Amino acid sequence: MSLLDHYADQLDQLKQQGNLRQFTRYVQDQHYIELNQHRMLNLASNDYLGLASNLVLREQFFDETPLAARLMSSSSSRLLTGNFPEYEALEDAMSQAFHGRAALLFNSGYHMNIGILPALSDSRTLILADKLVHASMIDGIRLSTAKYIRYKHNDLEHLAQLLQRYHDDSAYDRIIVVTESIFSMDGDETDLAQLVAVKNQFSKVMLYVDEAHAIGVRGELGLGCAEQYGVIDAIDFLVGTFGKAMASVGGYLICEPIIREYLINCMRPLIFSTAQPPICMAWTQFMLQQVMRLNTARQHLSELSVILQQGIQAKGYACPSSSHIVPIVVGESQPSIVLATQLQQAGFYVMPVRPPTVPQHSSRVRISLNANLEQADIHALLQQL
Ligand SMILES: *Cc1c(COP(=O)(O)O)cnc(C)c1O
């Protein structure tokens, strides 16, 4: 038997369960996507404000950026010679936007989540994480030596019970509560004000909140749910990615200056990986300025989202969403593939999401809205259900 047979068998099993993943080839044009000459609205992208596909902005950025500043590699980690001025400029801009708190940048949101949690934790740390947090946080927790308990999804009462049980346990010096603001798969959200109220009842608790899907999309200035609910200063570790609505690449942390300095010394993905190209930093900063004045687009996106959520529920499907990420929860993998294919044929590019990305028996078609869509697009989509 060849050593490869084992992997071939695993792939066969995935295929039989309807869970085999493959790359797809397509051409993208604004908020459309073309597959085998079939043009569809792109409802699977994270370009929530339509900025990544905006040619006018891209041209403006390159016009403003002289060739000498278009550095395509930083050629080392920031602790060696990779700390270009573009890094500090973006950190200063982020810090200013987030009430003067400290800001630290990472190569990606994934790097950020697998790096910060292990650096912050030791065996006297307890991590309490929402059941549905993103894989990157799970991986970060697994890389740490912390003890780890998951609380029921979005159930802050369950969280409070666990805190009551473990807070005075002498085995722990600190408890880190890990959650998302808007959840990537259900599109529902944590009540951040309530979360902060829970935290404030305990002295050993720190909050770690991932705003990957909320940055750019929520709040007057697009700074996320933390801005929307007025809790920017109450969250110990406020993280997010520039790869979604911000139309760039990279992760960020808003925290206390001590934590920033500590991570620069202790966070392995920050220390041992080449820093992002300076041009990416410059682009992210350019995007940050755009995003902060796009409140009209944010409101439009929010209106579209409500129409779609209500429409899906009216058709009898489960839809837990309160955001621009709107799943149609079908149940098993095969029927969710069938529904996604049907919608694609009708001109709507949506993807089925299956285990292990979501729990067993909660396969779904996931719709990501963007601000370039119109109400008519949503009504046309609903008619297909
Ligand atoms: C997308 C995502 C990440 C990863 O961010 P990248 O910058 O794409 O690596 C982290 N957390 C959550 C909740 C995400 O949705």
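What you are looking at is a predicted structure, and each value in this text was computed from that prediction instead of being measured.

> Tell me about the overall build of the chain, and please be specific about residues and values.
Across its full length, the chain carries 14 helices and 14 strands. At 21 Å, the chain has a C-alpha radius of gyration in line with the 21 Å of a compact globule built from 385 residues. Over its C-alpha atoms, taken along the principal directions, the chain stretches across nearly 55 × 55 × 55 Å. Among the 385 residues that make up the chain, the fraction classed as buried is 52%. In the chain, of all internal contacts separated by at least 6 residues, the share reaching a separation of at least 24 is 69%. Accessible surface, the chain as shown: approximately 18,000 Å² in total, 52% of it carbon and sulfur. The average position of the 28 basic charges and that of the 38 acidic charges among the side chains of the chain differ by 5 Å.

> Can you tell me about helix 11 (residues 278-292), naming the residues and giving the values?
Between its first and last C-alpha, helix 11 extends 21 Å over 15 residues, near the 21 Å set by a 1.5 Å rise per residue. Along helix 11, 12 of the 15 residues are buried, which leaves the element largely enclosed by surrounding structure. Within helix 11, burial applies to P278, I279, C280, M281, W283, T284, Q285, F286, M287, L288, Q290 and V291.

> Before we move on, could you go through the pairing of strand 9 (residues 237-241) and cite the residues and values that matter?
In terms of burial, strand 9 is largely enclosed, as five of its five residues are buried. Residues F237, V239 and T241 of strand 9 are buried on one face, and the alternating residues L238 and G240, pointing to the opposite face, are buried as well. With three bridges joining them, strand 8 (residues 205-210) and strand 9 adopt parallel strand pairing. The partner of V209 across the bridge, within strand 9, is L238.

> Outline the site of the ligand, supporting the account with residue identities and numerical values.
As a structural note, the neighbourhood of the ligand is formed by S108, G109, Y110, N113, H134, S136, E180, D210, A212, H213, T241 and K244. A distance of 2.7 Å separates a nitrogen atom of the ligand from a polar side-chain atom of D210. Here the ligand loses 83% of its free accessible area of 380 Å² to cover by the protein chains. Here the shell around the ligand takes three residues from helix 4 (residues 109-120), the largest share from any one element. Considering only residue class, the shell around the ligand consists of two nonpolar, seven polar and three charged.

> Which residues make up the pairing of strand 4 (residues 102-106), and what values go with them?
Judged by how many residues are buried, strand 4 sits mostly within the fold: five of five residues are covered. Here strand 4 shows two buried faces, one formed by A102, L104 and F106 and the other by A103 and L105.

> So what's going on with the nonpolar core? Which residues, and what values?
Ranked by size, the top nonpolar core spans 84 residues in total, and within it L128, I367 and L369 carry the most contacts. Here the element with the most residues in this core is helix 11; it accounts for eight residues. Both domain 1 (17-49 + 295-384) and domain 2 (61-291) contribute no fewer than three residues apiece to this core. Ignoring anything within four residues of it in the chain, the contact list for L128 reads I149, Y151, L159, L162, L163, I175, I176, V177 and V178. Formed by 26 residues, the second largest nonpolar core is a distinct cluster that contains A119, V133, I176 and F237.

> Hey, could you go over the domain arrangement of the chain for me, with residue numbers and the actual values?
When cut into domains, the chain gives domain 1 (17-49 + 295-384) and domain 2 (61-291). A C-alpha centroid distance of 27 Å is found between domain 1 and domain 2. Contacts between the two partners involve 20 residues from domain 1, matched on the other side by 21 residues from domain 2. Summed over both sides, the interface between domain 1 and domain 2 buries roughly 1,600 Å², with carbon and sulfur atoms accounting for 52% of that surface. Across the salt bridge formed by R364 and D186, the nearest N and O atoms sit 2.5 Å from each other. The tally of links between domain 1 and domain 2 comes to 16 residue pairs in polar contact (both at pLDDT 80 or more). The element that contributes the greatest number of residues to the side of domain 1 that touches domain 2 is helix 12 (residues 295-314), accounting for three residues. For the side of domain 1 that touches domain 2, the class distribution of residues is nine nonpolar, seven polar and four charged.

> Summarise the pattern of salt bridges; cite the residues concerned and give the values.
Across all of its chains, the model carries 10 salt bridges by this definition. A salt bridge links R39 to D29; its shortest N-O distance comes to 3.1 Å. Of the two residues, R39 is situated in strand 3 (residues 38-42) and D29 in strand 1 (residues 27-29); the sequence distance between them amounts to 10 residues. A salt bridge links R142 to D139, with the shortest nitrogen-to-oxygen separation between them at 3.9 Å. On the criterion of helical spacing, the pair formed by R142 and D139 is a turn pair, its members being three residues apart in helix 5 (residues 135-143). Take R142: its relative accessible area is 65%, and that puts it in the exposed class. Counted as one network, the salt bridges with shared partners bring together R78, E91 and R260.

Conventions and cut-offs
Residues numbered from 1 in each chain as written. Predicted model: local features only at pLDDT ≥ 70, side-chain atom pairs only at ≥ 80, totals over all residues. Heavy atoms only, no water. Helix = DSSP H or I, 4+ residues; strand = E, 2+ residues; numbered from the N terminus. Rg over C-alpha atoms; globule rule 2.2 N^0.38 Å. Buried < 20%, exposed > 50% of the residue type's maximum accessible area, 1.4 Å probe, protein only. Contact = heavy atoms within 4.5 Å. Areas by Shrake-Rupley, 256 points an atom, 1.4 Å probe, with all protein chains shown as cover. Lys, Arg positive; Asp, Glu negative; His and termini not counted. Charge placed at Lys NZ, Arg CZ, Asp CG, Glu CD. Expected span 1.5 Å × (residues − 1). Pairing = 2+ DSSP bridges. Near = heavy atom within 4 Å. Polar contact = N/O pair within 3.5 Å; in protein donor to acceptor, adjacent residues only side chain to side chain. Nonpolar A, V, L, I, M, F, W, Y, C, P; charged D, E, K, R; others polar. Core = buried A, V, L, I, M, F, W, Y, C linked by side-chain atoms within 4.5 Å. Domains from an automatic or database assignment. Buried area = accessible area lost by both parts, 1.4 Å probe. Salt bridge = Lys/Arg side-chain N within 4 Å of Asp/Glu carboxyl O.

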